[in-house]
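Understanding the architecture of this molecule
The primary structure of each chain is shown beneath.
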Amino acid sequence: MQNGDHVRSDNGHSFSHPGLILPTQSVQNQIHELAKTLPPPRKQNTACDACRSRKVKCNRLPGEDKVDKHQHCLSKNYPCTHFVQQATSEKKRSAAARRPRNTSTSSRLALGTPISSSSPISEHNTPPWFKAAFGPWNSGRIQSYGGLSMQSTTPTLLHHLFAAPESHVSDSTFMFKSRSSSGYAAWGDMASKLEDEAFRAEFALDLVEVYFQIVHTRLPLLNPLQFRARLNLQATQQRPVIAKQDEPLHPALIATVLAWGAKFSEHPLLVADRDRNGGQSLLAKALINRTRELAESLKVHRIPNTNHVVISLLIEPLQCPGFHGFWLTSGIRNLLGLQINHKSVMVLIKDPEARGTMIFAWWMACLSDAFSSFYYRRKPMLDDDDYDIDFYTADQNAQETTDPTAPSPREQLEVRFRGYYQAAHALARISRTIARQLWRPSTDQDGIPLDSVLSYISDLSKWRDAHLSKVGVPPNLEANWDFVSAVSACASDAQYHVTWVALFFAMDEFGIRDDAFTPSSINQVEIAKRKVMEEALQASLRIAALAGVLTSNGYLKLDPAVMHVSCINAGNFLARLGRPEVFQCIKALEQYSYAYEETKAHAKEISLEYDAALQKGPNNFHEMASAISPSSRAFQAEIMSVDALTNGNGKHHGNTVSPFL
């Protein structure tokens, strides 16, 4: 395995997949740097007064400050002033400083921020709640719980997280009795080594590396260099020195990273645990439960703080798919409490690291809220007008001195990030619109309005034409694509296609409401049904082919729940039609069960559904039954094999996918 410059040479390293290329430490750092630097809020209101009055672009000369003359002013010999900009900027800053809403009194008290009856603005024009929210997380008066507190050292935290499970006692971080070797038996033969502090440190470091190799590539919320340095943990007796200005890591953040690492690590201890327990790691499950309890005890879900935002967003996908919603909702509430949705507040965050991380966290939460609301039929927390911060656009002023014919790794990552998030936001707005319609009681009673269905079909078709070729699986794949590139492209591709499948199931459940009820409108209803049916079938076949590619290379074993929704929806759809391609989805879900046990149950349910369809024909359809016909063009769709997979929603153009993955 080629793993860059950080693979440990001891026998306890995390992976043993031949040919699997994972990101090196330098690439991990580049991913985080890109995530936090794209974007700062887009610069607005920077034109000089002369250009503003003429409504022309104000081109600043390279290397010149805004106080110097711009190109237009020099050519016309105009005085280059910025009076309007200064006036509006001062107004915005004053408005932001006067806006401590959404931050409750109890939250400020918990953070140790004094509440004054006078103006909340300090001498530096910064409200006290802002300093508390974006200051050190451990400055507040949050009580300890069960022996763990904000001030607990990393070795103490590991002592509790890796404590032996107790028989006949609910597995909790805070319910420990005396340690004994026999207590570790449930976690395999090697688990008793966790009694040794040095081994716990070595094991924890392995889990941290697994996190940054696997999870960080999809969720780059942490700074790898800073996290490793501030962890203050070494397997040897020598401890790294932390600068005085660096605060220790939040205990719940450490626990979250370790729980993620345990999901995917192939450390001998975890291998023995899985061998003993039918392929599932009881230690990994215990870490997830203990992480949740620790986060709850430290009020991560209640107090708006930048660390709490990151912890909440990382815990949400860590859990099995059935526990969706709570921690994502908590993360969004924390973000709203910090007013990250306000551009004027973002400007007040002077630290580029904190500002960039919060912007990335906001968009991650925004996208997750939209998609999960549609998939799981709940009301979205956010609306389109709930935020005014700019979306991901590359900083046009940031030019790197590189050979244009040989793009740097950062430039390649920038293109990938920018294209994905722009496309994802556009698709998220469509999903959010559909989710809100499905949430309404009138939809449950009367059906989805025909006009809305036609609008969804049009919006999805336009998205495909504008974005799919840029973020989906390209027609000709490069043979040297790595794990990150392969999973990212397939996940983006599947995320669009599963929207058609989810729309089909929504129409099958609720039906279409036709207020006109004329022959022409009835015909439109049937046309819309057939259109969605055809698109959903082609989408399911494509998802199955993508899942087959990733499964054949063992990539879904290392995927942090990015494609499981697509595999489940496509599998259910193909199973009800009795299509043999369903087995690609079943195998994908079985491979997912390595880290997410519940997906094995989904695979069994889909298999039973397929068996029933073979006996009875296409079944278990309701409002969309009229669009299901064995003689229809949709039902007779060509099988989409891996070799026929191209970037065109199931349309074959002679391009093939090379077995690169």
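The model shown is predicted, which means the values in this text are computed figures rather than measured ones.

Let's shift gears to the overall build of the chain. The helix and strand tally for the chain stands at 24 helices and two strands. Taken over 661 residues, the chain has a buried fraction of 55%. Within the chain, contacts between residues separated by at least 24 positions form 74% of all contacts whose residues are at least 6 apart in sequence. When the accessible surface of the chain is summed, it comes to about 29100 Å², and 51% of that surface belongs to carbon and sulfur atoms.

Another point: the pattern of salt bridges. Applying the stated criterion across every chain yields a total of 14 salt bridges. Note that Arg377 is salt-bridged to Glu509, the shortest N-O span being 2.4 Å. With Arg377 in the loop between α16 (352-376) and α17 (409-439) and Glu509 in helix α20 (residues 483-510), this residue pair connects regions lying 132 residues apart in the sequence. Glu535 is paired through a salt bridge with Arg464; the nearest N and O atoms lie 3.3 Å apart. Of this pair, Glu535 sits in helix α21 (residues 519-552) while Arg464 sits in helix α19 (residues 450-471), placing them 71 residues apart in sequence. Just as Glu535 is buried, Arg464 falls in that class too. Here the salt bridges share partners, and the residues they tie into one network are Asp384, Arg429 and Arg432.

Turning to helix α23 (residues 582-592), a few remarks are in order. Every buried residue belonging to α23 is among Val582, Cys585, Ile586, Ala588, Leu589, Gln591 and Tyr592, and all of these are buried. For α23, the secondary structure elements touched by its buried residues are α21, α22 (564-577) and α24 (598-616).

According to the stated counting rule, one finds 18 aromatic pairs in the structure shown. Taking the centre distance of 6.3 Å and the plane angle of 10° together, the rings of Phe199 and Phe203 count as stacked. With a gap of four residues between them, Phe199 and Phe203 both fall in helix α8 (residues 197-215), about one helical turn apart. A ring pair is formed by Phe505 and Phe573, whose centres lie 6.2 Å apart and whose planes are at 75°; its orientation type is edge-to-face. Taken together, the residues span a long stretch of sequence, with Phe505 in helix α20 and Phe573 in helix α22 at a distance of 68 residues. Judged by relative accessible area, Phe573 falls into the buried class, the value being 0%. Following the ring pairs from residue to residue traces out a cluster consisting of Phe504, Phe505, Phe573 and Phe621.

With respect to the helices, strands and loops of the structure, Cys73 is situated in helix α3 (residues 71-76). Exposure remark for Cys73: the relative accessible area of 0% places this residue in the buried category. Spatially, the C-alpha atoms of Cys73 and Cys48 are 8.9 Å apart, while their sequence positions differ by 25 residues. For Cys73, the residues in contact, after removing those within four places along its chain, are Cys48, Ala50, Tyr78 and Cys80.

Compared with an ideal rise of 1.5 Å per residue, which puts 22 residues at 32 Å, α19 spans 30 Å between its outermost C-alpha atoms and is within 8% of the ideal. Within α19, the axis deviates most sharply at Asp465, by approximately 45°.

This brings us to unusual backbone geometry. Only a minority of non-glycine residues have a phi that is not negative, and only a minority of peptide bonds are not trans. Not every positive phi belongs to a glycine, and Lys299 is a case in point at roughly 60°. Among the structural elements, Lys299 can be located in the loop between α12 (282-297) and α13 (306-318). Of note in this structure, Gln339 is not a glycine but carries a positive phi near 60°.

Here the focus is the packing of α16 against α20. Packing of α16 against α20 brings their axes to within 10 Å, and their N-to-C directions diverge by 35°. Every pair of crossing elements has a handedness; the one defined by α16 and α20 is left-handed. Seen from α16, the contacting residues are Phe371, Phe374 and Tyr375; seen from α20, they are Gln495, Val498, Thr499, Ala502 and Leu503. Of the residues contributing to the contact of α16 with α20, the split by class is six nonpolar, two polar and no charged.

Let us look at the packing of helix α7 (residues 154-161) against helix α10 (residues 251-264). Between α7 and α10, the least distance of the axes is 11 Å, while the angle of their chain directions is 50°. One way to sum up the angle between α7 and α10 is to call them oblique. In the crossing of α7 with α10, the sense of the turn from one axis to the other is right-handed. For the pair formed by α7 and α10, the contact residues are Thr154, Leu157, Leu158 and Leu161 on the first element and Pro251, Ile254, Ala255 and Leu258 on the second. Along the lines of polarity and charge, the residues of the contact of α7 with α10 split into seven nonpolar, one polar and no charged.

Once that is clear, we can look at the confidence of the model for the chain. When pLDDT is averaged along the chain, the result is 76, and 67% of the positions lie at 70 or above. Across the chain, the secondary-structure element scoring lowest on mean pLDDT is helix α5 (residues 105-110), at 36, and the one scoring highest is strand β1 (residues 448-449), at 96. Per-residue pLDDT stays below 50 along residues 392-408; that stretch engages in 26 contacts with residues further than four places along the chain or on separate chains. This model gives residues 639-661 a pLDDT under 50, and the stretch forms 65 contacts once residues within four places in sequence are excluded.

Once that is clear, we can look at the nonpolar core. Note on soluble globular proteins: their nonpolar side chains tend to be buried together. By size, the foremost hydrophobic cluster in this structure holds 160 residues, and its most contacted members are Phe504 and Phe573. Among the elements that take part in this core, α20 stands out by supplying 19 residues, more than any other. In this structure, Phe573 is in contact with Val501, Phe504, Phe505, Met533, Ala536, Leu537 and Ser540, ignoring residues within four places of it in sequence. Cys48, Cys58, Cys73 and Cys80 belong to the second largest nonpolar core, which has seven residues in total.

Turning our eyes to something else, we now look at the environment of Val257. Of note, Val257 is situated in helix α10. Filtering out sequence-adjacent residues up to four positions away, Val257 remains in contact with Leu207, Val208, Tyr211, Leu222 and Phe227.

What follows is about the environment of Ser373. Along the chain, the position of Ser373 falls in helix α16. Assessed through its relative accessible area of 1%, Ser373 is described here as buried. For the pair Ser373 and Leu438, spaced 65 residues apart in sequence, the C-alpha to C-alpha distance is 9.6 Å. Among residues more than four places away in sequence, those in contact with Ser373 are Arg378, Lys379, Pro380 and Ala435.

Inspection of the entire model under this criterion finds zero disulfides. With no disulfide of its own, Cys51 lies closest to Cys48 among cysteine sulfurs, the gap being 3.5 Å. Owing to a relative accessible area of 0%, Cys51 belongs among the buried residues under this scheme.

Thresholds, definitions, all that
Residues numbered from 1 in each chain as written. Predicted model: local features only at pLDDT ≥ 70, side-chain atom pairs only at ≥ 80, totals over all residues. Heavy atoms only, no water. Helix = DSSP H or I, 4+ residues; strand = E, 2+ residues; numbered from the N terminus. Buried < 20%, exposed > 50% of the residue type's maximum accessible area, 1.4 Å probe, protein only. Contact = heavy atoms within 4.5 Å. Areas by Shrake-Rupley, 256 points an atom, 1.4 Å probe, with all protein chains shown as cover. Salt bridge = Lys/Arg side-chain N within 4 Å of Asp/Glu carboxyl O. Phe/Tyr/Trp six-rings, centres within 6.5 Å; stacked < 30°, edge-to-face > 60°. Expected span 1.5 Å × (residues − 1). Bend = angle between axes of the 7 residues up to and from the residue. Axes fitted to C-alpha atoms, helices over the stretch in contact; angles between N-to-C directions. Left-handed = near helix turned anticlockwise from the far one by under 90°. Nonpolar A, V, L, I, M, F, W, Y, C, P; charged D, E, K, R; others polar. Parallel < 35°, antiparallel > 145°, perpendicular 65-115°, else oblique. pLDDT = per-residue confidence, 0-100. Core = buried A, V, L, I, M, F, W, Y, C linked by side-chain atoms within 4.5 Å. Disulfide = S-S within 2.5 Å.

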